[in-house]
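Per-entry structural report
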Amino acid sequence: MHLNRIGKIIFRVFLGLLIVAALLMLSVQLMAKKSIANFVETKLPSHMQLEYKLIDVNVLTGTAKFKTIDFRVRAVDSLKQVTRLQIGSLEVIGLGYWQFLFNKKIALKSLNIEKPILKSYLKEKQTDTSQTDSNKIGLLKQIYIDEINVANGDVTLLKGDNDSLAMKLDSVNIKIDHVTTNDSLINSKIPVAYGSLMFEGTSLYADLGPYESLKVGKVKVDEGNITISDLKIKSKYSKTKLSWHLHKERDYIDLQIPEVSFEHIDFGIIQKKLWVSTGTGKIKGAALEIFRDKLLPDDTERKKLYSEALRKLPIQLNVPKVEISDSYIAYSERVNRETSPGKIIFDDVHAEILEIQNVPEKNEKTSVTAKALLMGEAPITLNWSFDAKKESDAFTASGTVKNFHSKNINSFLESNLRVRAKGEIQELYFTISGNSISSSGDMKMKYEDFKFSVLKKDRLRINKLLTAIGSLFVNDGSNTDENGYRYGGIKAERDPTKSFFNYLWLNVGDGLTSTIIGNGKK
């Protein structure tokens, strides 16, 4: 009897403890659920609104799950909605409740976000600094997350002025490890610190302005390496319709690249300036078509040389090498309405670009080594280098052309220069040194039976008088040195309203004139 009585007492005490523990656990769970709900509902700024249909909290497993989230952000000074984020489900795993309730820290093992749909308007330029300050986020707790997973998301950015599409990206999948932020980080240009990043997205569209757009089939980032598949940059209008929309010259562009990749991408902030660094980049199988309607008024805006453009980038850039392989470039111009535009083609383009950088501590020059087949036949090379940090924009360039039959470029010469050429350039070499104002150099050529015919305005018939006068000055290649070369000098002045390649063409053209018409001596 005595033992039975003790057993009953123990049982009742144990049962009471279980009931107390259950009630305590239920209270803690309810308190945790209420605290989380209170945090997401009341700690947001007044211009932010968060709604959800269901929240599940499990204190034992340390999980919390929201379903059907609708998060909206209005402009601070108006009722206009600027951002809306809809999420199918958001799951928090491994929430440290003690840290959440009593310490100023939110620590999670995992944050899983399924089917997020983000729609946002691009910010307009702000001139009022007080408004900028009011947009700052006051983060009350430090946040640390072991892993963030985003599955099957969509992103849409719109222009605020007319609701037109600025950017769209589908099927976004993200995995980020060791993510942390705090009150100071959250308002910086890079609001979080993290370990590794994996990112995938498809069907990227970006509006590049009134005339061009960007499309990408797939973007993948894995351990700092990025691969872009099926990249296209193209004018929004056809060649003819583009001219209707322009009031001055502008290139029609059609660029297609099957694959672009860069290794070891890294970035950060130095003295409030963004820096970006990469490893080797590769561009394979690019095809670029450029067309310019010369019947439109000239674009008289000053053009930066590449050295100046690199020097004045708003970011600090460091790309040690870019390799271009198996690519194609075609350039054509319309200079009159009666004939088809002439075209220059560079086929089988291979190039290596070294040190695309504007890092103050680095002394290496940017250099380009390229080779191609001019008009699909004649081997051509170009070597070009400059120091982006030099205000003079000094550069050096050299190049070669071999086994070039001039008849292959007659369609371009006839359309653009009213000239028809005959003969073969067996070898051509040039070297140039210059800056943003002027340049000089040398050229030597070995050519045979070279003749020019000047065409009439209709570009169909030969102007016999001008052709005869020109033949008096042009050497056909017979008056050479003992090695078969003729020599010429180069002097050119840059037109600051034209591009670097126009500048390069002026140098080559002056060298050709000097070599063919001059005395040919070294």
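Notes on the structure follow.

Calculation notes
- Residues numbered from 1 in each chain as written.
- Predicted model: local features only at pLDDT ≥ 70, side-chain atom pairs only at ≥ 80, totals over all residues.
- Heavy atoms only, no water.
- Helix = DSSP H or I, 4+ residues; strand = E, 2+ residues; numbered from the N terminus.
- Buried < 20%, exposed > 50% of the residue type's maximum accessible area, 1.4 Å probe, protein only.
- Contact = heavy atoms within 4.5 Å.
- Areas by Shrake-Rupley, 256 points an atom, 1.4 Å probe, with all protein chains shown as cover.
- Core = buried A, V, L, I, M, F, W, Y, C linked by side-chain atoms within 4.5 Å.
- Expected span 1.5 Å × (residues − 1).
- Pairing = 2+ DSSP bridges.

Moving on, we get to the overall build of the chain. Looking only at helices and strands, one finds eight helices and 24 strands in the chain. Across the 522 residues of the chain, 36% fall into the buried class. Sequence separation of at least 24 residues holds for 61% of the intrachain contacts in the chain that already meet a minimum separation of 6. On the chain, roughly 30,300 Å² of surface is accessible, and the fraction owed to carbon and sulfur atoms is 57%.

To continue, consider the nonpolar core. Within the largest apolar cluster, 56 residues are counted, with the highest numbers of intra-cluster contacts made by Trp 384, Phe 395, Phe 404 and Phe 430. Ile 55, Ile 69, Leu 90 and Ile 113 belong to the second largest nonpolar core, which has 18 residues in total.

What follows deals with the side chain of Ser 89. Here Ser 89 is to be found in strand 3 (residues 81-93). In this view, Ser 89 contacts Lys 65, Phe 66, Lys 67, Asn 112, Ile 113 and Glu 114; residues no more than four positions away in its chain are not counted.

Another aspect to go through is helix 8 (residues 500-517). Compared with an ideal rise of 1.5 Å per residue, which puts 18 residues at 26 Å, helix 8 spans 26 Å between its outermost C-alpha atoms and is within 8% of the ideal. When we look at burial in helix 8, the residues that qualify are Phe 500, Tyr 503, Leu 504, Asn 507, Val 508, Gly 511, Thr 515 and Ile 516.

A few words now on the pairing of strand 3. Judged from the eleven bridges that link them, strand 2 (residues 63-74) and strand 3 form a sheet pairing that is antiparallel. Looking at strand 3, one finds that Ala 64 is bridged to Val 92. Pairing of strand 3 with strand 6 (residues 117-121), which is carried by four bridges, proceeds in the antiparallel orientation. By the bridge assignment for strand 6, Leu 85 is matched with Leu 118.

In this section: the environment of Ser 499. Within the secondary structure, Ser 499 is located in the loop between strand 24 (486-493) and helix 8. Here Ser 499 falls in the partly exposed class, since its relative accessible area comes to 40%. Measuring from C-alpha to C-alpha, the distance between Ser 499 and Arg 302 comes to 9.0 Å, with 197 residues separating the pair along the chain.

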